[in-house]
Amino acid sequence: MNVRVTALLIEDDQILLLDQDTEGDRSWSLPGGKGETVEEALRREVAEETGLDIQVGRLLYVCDVVQAHVVHLTFECQRTGGTLGAVVAGADTRPIRAVEFVKLAELPSLGFSGRFLELARASWPGAGSYMGLKANIGL
């Protein structure tokens, strides 16, 4: 299995998302990727994909995408600098169409489930837990 790290950054009831092709039906996703250490990969990927510098916080959840042979590690993150939208061209294999802070209430219209919205609004109860399949968190 491969490991993919993702950043969950919420400011003022808005969540940081990327508009790019995903393995599913949604085009909006959390920024992240894989590579070096988990923390280094997360910082590098967020900087490349969004233009933001981050501080990596607590582990929110671990989940599986069995058909893609991937384990997702998602961390709560805080912005420490950078410029939103200063995307590094060609750094990602899937072109990034947009980088935005989106109101949490708009998540369902972007293909995120009510379960994901509920968990985000509740500040991820059970943080650090293994959640099983990605569908269990509403993705």
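Residues numbered from 1 in each chain as written. Predicted model: local features only at pLDDT ≥ 70, side-chain atom pairs only at ≥ 80, totals over all residues. Heavy atoms only, no water.

Side note on the sheet that holds strand E9 (residues 129-133)
What links the strands of a sheet is backbone hydrogen bonding, and the strands pair in either a parallel or an antiparallel sense.
Next up, step 1: Spatial strand order, E5-E1-E7-E6-E9: five strands in an open sheet with mixed pairing. Of all the strands in the sheet, just strand E5 (32-33) and E9 have a single pairing partner and so form its edges.
Next up, step 2: With eleven bridges connecting them, strand E6 (residues 52-65) and strand E7 (residues 70-82) associate as antiparallel partners. Across the sheet, residue Val56 finds its bridge partner in E7, namely Cys77.
Next up, step 3: The strands touched by helix H1 (residues 38-50) within the sheet are strand E1 (2-8), E5, E6 and E7, with E6 carrying the most contacts at an inclination of about 110°. (Pairing = 2+ DSSP bridges. Helix = DSSP H or I, 4+ residues; strand = E, 2+ residues; numbered from the N terminus. Contact = heavy atoms within 4.5 Å. Axes fitted to C-alpha atoms, helices over the stretch in contact; angles between N-to-C directions.)

Some thoughts on the state of the cysteines
Next up, step 1: Following the criterion strictly, the structure yields zero disulfides and no others.
Next up, step 2: In this model Cys63 remains outside any disulfide bridge; the closest cysteine sulfur is found in Cys77, 15 Å from its own.
Next up, step 3: What makes Cys77 buried here is its relative accessible area of 4%. (Disulfide = S-S within 2.5 Å. Buried < 20%, exposed > 50% of the residue type's maximum accessible area, 1.4 Å probe, protein only.)

Digging into the side chain of Arg4
Next up, step 1: Within the element layout of this structure, Arg4 appears in strand E1.
Next up, step 2: Here Arg4 occupies a buried position and makes no salt bridge, while the nearest side chain of opposite charge, Glu49, is found at 4.9 Å.
Next up, step 3: Within the structure, Arg4 has its side chain in polar contact with the backbone oxygen of Gly32 (distance 3.3 Å).
Next up, step 4: Setting aside residues no more than four positions away along its own chain, Arg4 makes contact with Leu30, Gly32, Gly33, Lys34, Val70, Val71, His72 and Leu73. (Lys, Arg positive; Asp, Glu negative; His and termini not counted. Salt bridge = Lys/Arg side-chain N within 4 Å of Asp/Glu carboxyl O. Polar contact = N/O pair within 3.5 Å; in protein donor to acceptor, adjacent residues only side chain to side chain.)

Points about H1
Since there are 3.6 residues in each turn of an α-helix, residues three or four apart along the chain are aligned in direction.
Next up, step 1: The terminal C-alpha atoms of H1, which comprises 13 residues, lie 18 Å apart, in line with the 18 Å expected from a rise of 1.5 Å per residue.
Next up, step 2: Those residues of H1 that fall on the buried side of the exposure criterion are Ala41, Leu42, Glu45, Val46, Glu48, Glu49 and Thr50. Viewed along the axis of H1, the buried residues span an arc of 165°, placing them on a single side of the element.
Next up, step 3: Among the structural elements, E1, strand E3 (14-19), E5, E6, E7 and strand E8 (98-103) are those in contact with the buried residues of H1.
Next up, step 4: Downstream of H1 by a residue or two, Gly51 has a phi angle that is positive, lying close to 90°. (Expected span 1.5 Å × (residues − 1). Arc of directions from axis to C-beta.)

What about the pattern of salt bridges?
Next up, step 1: Tallied over the entire structure, the rule returns seven salt bridges.
Next up, step 2: Salt-bridge contacts for Arg43 lead to Glu39; the nearest nitrogen and oxygen are separated by 2.8 Å. On the criterion of helical spacing, the pair formed by Arg43 and Glu39 is a turn pair, its members being four residues apart in helix H1.
Next up, step 3: We classify Glu39 as partly exposed; its relative accessible area is 38%.
Next up, step 4: A salt bridge links Arg44 to Glu45, with the nearest nitrogen and oxygen atoms 3.2 Å apart.
Next up, step 5: Residue Arg44 is classed as partly exposed on the basis of its relative accessible area, which comes to 27%.

By themselves these figures say nothing about function.
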